[in-house]
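Structural overview
If you want the building blocks of each chain, they are given just below.
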Amino acid sequence: MSEFFAMNGYAFYVWGSYGVAVLVFGIEVWLARNRRKNILRELKLMRMDTEENGERA
Amino acid sequence: MAINWFKYSAPSTFYGLAGKLIPFFAWPAAILFATGLYIGFFVAPTDAVQSEAYRIIFIHVPASILSMFIYLIMAGYAALGLIFNTRLSSMMAQALAPTGALFAFISLWTGALWGKPMWGAWWVWDARLTSELILLFLYLGFIALQASIEDPRRADKAAALLAIVGSVNVPIIYFSVKWWNTLHQGATIKMTGTSMHVAMQQAMFIVLVACWLYVIAVALARVRSIILERERNTQWVNELKEVQS
């Protein structure tokens, strides 16, 4: 198994490539989910705000 | 039953449709990505010249192909938004830009990690590498220009012009290996087929399709957030169940 990971001596380059790629995909998905959470929270606050004051904010 | 395609060009109806579509792109993307990498690492043979280092190809080539394609699609949406004043088109262009920049970065990063053992250098001012770097800057410029202008509609127009003008760079990247004497390898996959080993071809193609599905899923998710942000004061957003709950 370890022989596989050694990539015949190119381990750093191969896993450095795939590691960063997967990491970057993961970060992008996480950011996209965060963006949705933030805007929904903001919209809820806006709605509560309009309901309390009775007119559109 | 005539399908009214324009019905889905309104942000409110597209918001719902995009929400339903995302899982159908996201899950196949993950499955195909794993499958492609499995074939790439366990089925494809060792390369005679580069031994195991060549396996970087299964992420480097799809990322590079996509970095170019996404830019053309982004410029296309931006142009549509500019010409027809359709807000959703401009929103799609804005949604694609970060993912395109990401793939340009991955293309450059994996290329550098492949170039170091094979060429002995992380970076060379080679025609292909330099034009890809310009592509990354164009993406970042598009995002920055879009973000820097307060009024979304004016921001869309300005960014659209940059995207359209910048699209001349994509054919330059593609043909760079033919026009100039570059260190970067010429096109291995030509219309006439490829000299690659069949398992290598399969792995790369599967990862390419996986990345395509990933791009669509992420762009749809991001465009939904953009729609909510831009239409925050509208009635239909206010009545969304996720806002009501």
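Residues numbered from 1 in each chain as written. Chains lettered and ligands numbered in written order. Predicted model: local features only at pLDDT ≥ 70, side-chain atom pairs only at ≥ 80, totals over all residues. Heavy atoms only, no water.

1. Describing the overall build of chain B
Our working rule: Put simply, DSSP H or I for four residues or longer makes a helix, DSSP E for two residues or longer makes a strand, and each gets a number counted from the N terminus. Note on exposure labels: buried denotes an accessible area under 20% of the residue type's maximum, exposed denotes more than 50%, and partly exposed covers the range between, all computed with a 1.4 Å probe on protein chains only. We call two residues in contact whenever any of their non-hydrogen atoms come within 4.5 Å of each other. Each accessible area value is a Shrake-Rupley result obtained with a 1.4 Å probe; residue values ignore everything except the protein chains displayed when judging cover.
The helix and strand inventory of chain B stands at 9 helices and 2 strands. Helices and strands in chain B line up, N terminus first, as α-α-α-α-α-α-β-β-α-α-α. Of all 245 residues assigned to chain B, the portion counted as buried reaches 49%. Look at the contacts in chain B between residues 6 or more apart in sequence, and 74% of them connect residues 24 or more apart. With the model as given, the accessible surface of chain B reaches about 11,900 Å², and the carbon-plus-sulfur share is 71%.

2. With respect to the overall build of chain A
Rules: Atoms counted for the radius of gyration: C-alpha only. Globule rule: 2.2 Å times the number of residues to the power 0.38. The charge count includes Lys and Arg as positive and Asp and Glu as negative, but it does not include His or the ends of the chains. Lysine's charge is taken at NZ, arginine's at CZ, aspartate's at CG and glutamate's at CD.
Broken down by element type, chain A carries 2 helices and 0 strands. Taking 10 Å as the expected radius of gyration for a compact globule of 57 residues, we find that chain A reaches 23 Å, considerably beyond that expectation. Looking at the 57 residues of chain A, the share that counts as buried comes to 33%. Of the accessible surface of chain A, which amounts to about 3,800 Å², a share of 62% is contributed by carbon and sulfur atoms. Distance between charge centres in chain A, computed from 8 positive and 7 negative side chains, equals 3 Å.

3. What to know about the side chain of B:Arg55
Turning to its location among the elements, B:Arg55 is positioned in the loop between helix H1 (11–43) and helix H2 (57–84). Not counting residues up to four positions away in its chain, the partners in contact with B:Arg55 are A:Met7, A:Tyr18, B:Gly40, B:Phe41, B:Ala44, B:Pro45 and B:Thr46.

4. Side note on the packing of aromatic side chains
Test applied: Pairs were defined over the aromatic rings of Phe, Tyr and Trp, the Trp ring being its six-membered one, requiring ring centres within 6.5 Å. Orientation was assigned from the angle between planes: stacked under 30 degrees, edge-to-face over 60, tilted for the rest. A ring is scored as having a charge over it whenever the NZ atom of a lysine or the CZ atom of an arginine sits within 6 Å of its centre and within 35 degrees of its normal.
The full count for this structure, using the stated rule, is 23 aromatic pairs over all chains. Aromatic pair A:Phe4 and A:Phe5: ring centres 5.1 Å apart, planes at 70 degrees, arrangement edge-to-face. Taking the relative accessible area as the measure of exposure, A:Phe4 reaches 16% and is therefore buried. Where B:Phe175 meets B:Trp179, the ring centres are 5.3 Å apart and the plane angle is 25 degrees; that geometry is what we call stacked. With B:Phe175 and B:Trp179 both in helix H6 (residues 169–179) and 4 residues apart, the pair spans about one turn of that helix. Clustering of aromatic rings is evident, with ring pairs tying together A:Phe4, A:Phe5, A:Trp15, A:Tyr18, B:Tyr38, B:Phe41 and B:Phe42. The ring of B:Tyr15 is capped by B:Arg224, whose NZ or CZ atom sits 4.0 Å from the centre of that ring.

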